[in-house]
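Listed below are the residues making up each chain.
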Amino acid sequence: MTAPATPQPDVTVRVFVQRLRATPRGARMARHLAVGRLHSWGIPHGTEASDAVALIVSELAANAVTHGRVPGRDFELRLSLLGGSVRVEVTDTHSGPPSPPSPPGPRGVERPGLLDEHGRGLLLVAALADRWEVLERKPAPGKTVRAEVGLLSAPAP
């Protein structure tokens, strides 16, 4: 008798973690670091996956700096190269009620009005990521927004 095959979780091939100042400069640096790290992992600049990750990191880092900023506290960028995808995680340390409210998660993103000046960032994340979610930061306070971008072919480890 053979046991039924069970799906195996993705194996993390590479991980990059960097804490950055919660400033616009820190958000720009996050994007540059992400693209550079992907390139060193075999995902070249200008590829669909690299461009998608760059935009996702830009949006999530800008949100962390704008909405999750606490003076004197940094935000964290974590990239994980999994078997067939890149996982992006941006964690802020905002405590108390969020302003504006916490990101709604994948099913709750509403389209902004045509003349609205804000509200398109998470629509971009939803369009570019294969899956994404909002998690409570552990240890509290704060939150992590996690997004995954699939790779057409896995880079060499």
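For the structure itself, consult the block above.
Report on the accompanying structure.

Cut-offs applied
- Residues numbered from 1 in each chain as written.
- Predicted model: local features only at pLDDT ≥ 70, side-chain atom pairs only at ≥ 80, totals over all residues.
- Heavy atoms only, no water.
- Helix = DSSP H or I, 4+ residues; strand = E, 2+ residues; numbered from the N terminus.
- Buried < 20%, exposed > 50% of the residue type's maximum accessible area, 1.4 Å probe, protein only.
- Contact = heavy atoms within 4.5 Å.
- Areas by Shrake-Rupley, 256 points an atom, 1.4 Å probe, with all protein chains shown as cover.
- Salt bridge = Lys/Arg side-chain N within 4 Å of Asp/Glu carboxyl O.
- Axes fitted to C-alpha atoms, helices over the stretch in contact; angles between N-to-C directions.
- Parallel < 35°, antiparallel > 145°, perpendicular 65-115°, else oblique.
- Left-handed = near helix turned anticlockwise from the far one by under 90°.
- Nonpolar A, V, L, I, M, F, W, Y, C, P; charged D, E, K, R; others polar.
- Arc of directions from axis to C-beta.
- Core = buried A, V, L, I, M, F, W, Y, C linked by side-chain atoms within 4.5 Å.
- Pairing = 2+ DSSP bridges.

Turning to the overall build of the chain, a few remarks are in order. For the chain, the helix and strand inventory stands at 3 helices and 5 strands. From first element to last, N terminus to C terminus, the chain shows the α and β order β-α-α-β-β-α-β-β. In the chain, buried positions account for 35% of the 157 residues. For the chain, long-range pairs separated by at least 24 residues make up 65% of all intrachain contacts whose partners lie at least 6 apart in sequence. For the chain, the exposed area adds up to about 9,600 Å²; of that, 53% sits on carbon and sulfur atoms.

So, about the pattern of salt bridges. Applying the stated criterion to the full structure yields 8 salt bridges. Salt-bridge contacts for Arg19 lead to Asp74; the nearest nitrogen and oxygen are separated by 3.9 Å. You can see Arg19 sitting in strand E1 (residues 14–21) and its partner Asp74 sitting in strand E2 (residues 74–81), a full 55 residues away along the chain. What makes Arg19 partly exposed here is its relative accessible area of 47%. Residue classification places Asp74 among the partly exposed positions, given a relative accessible area of 27%.

The contact between helix H2 (residues 48–67) and helix H3 (residues 121–128) brings their axes to 9 Å, and the two run at 150°. When the axes of H2 and H3 are compared, the pair comes out roughly antiparallel. Where H2 crosses over H3, the handedness of that crossing is left-handed. Contacts from Ala52, Leu55, Ile56, Glu59, Leu60 and Asn63 of H2 reach H3 at Gly121, Leu122, Leu124, Val125 and Leu128. Tallied by class, the residues present in the contact of H2 with H3 amount to 8 nonpolar, 2 polar and 1 charged.

Of the residues making up H3, those classed as buried are Gly121, Leu122 and Val125. Viewed end-on, H3 has its buried residues packed into an arc of 90°, placing them on one side of the element. Looking at the buried side of H3, the elements it contacts are H2, strand E4 (131–136) and strand E5 (143–150).

Looking now at the nonpolar core. Formed by 33 residues in total, the largest nonpolar core has its most connected members in Val53, Val57, Leu60, Phe75, Leu77, Leu79 and Val88. Those elements that place two or more of their residues in this core are E1, helix H1 (24–40), H2, E2, strand E3 (85–92), H3 and E5. By residue number, the principal contributor to this core is H2, which donates 9 residues. Setting aside its immediate chain neighbours within four residues, Val88 contacts Val53, Ile56, Val57, Leu60, Leu77, Arg78, Leu79, Val145, Arg146 and Ala147.

Bringing the pairing of E3 into the picture now. The buried fraction of E3 is high, at 7 of 8 residues. Sheet analysis places E2 next to E3, joined by 6 bridges and oriented antiparallel. Across the sheet, the residue bridging to Ser80 is Arg87, located in E3. Of the pairings in the sheet, the one linking E3 to E5 comprises 8 bridges and is antiparallel in character. Across the sheet, residue Arg87 finds its bridge partner in E5, namely Glu148.

Any functional reading would require information that these geometric values do not contain.
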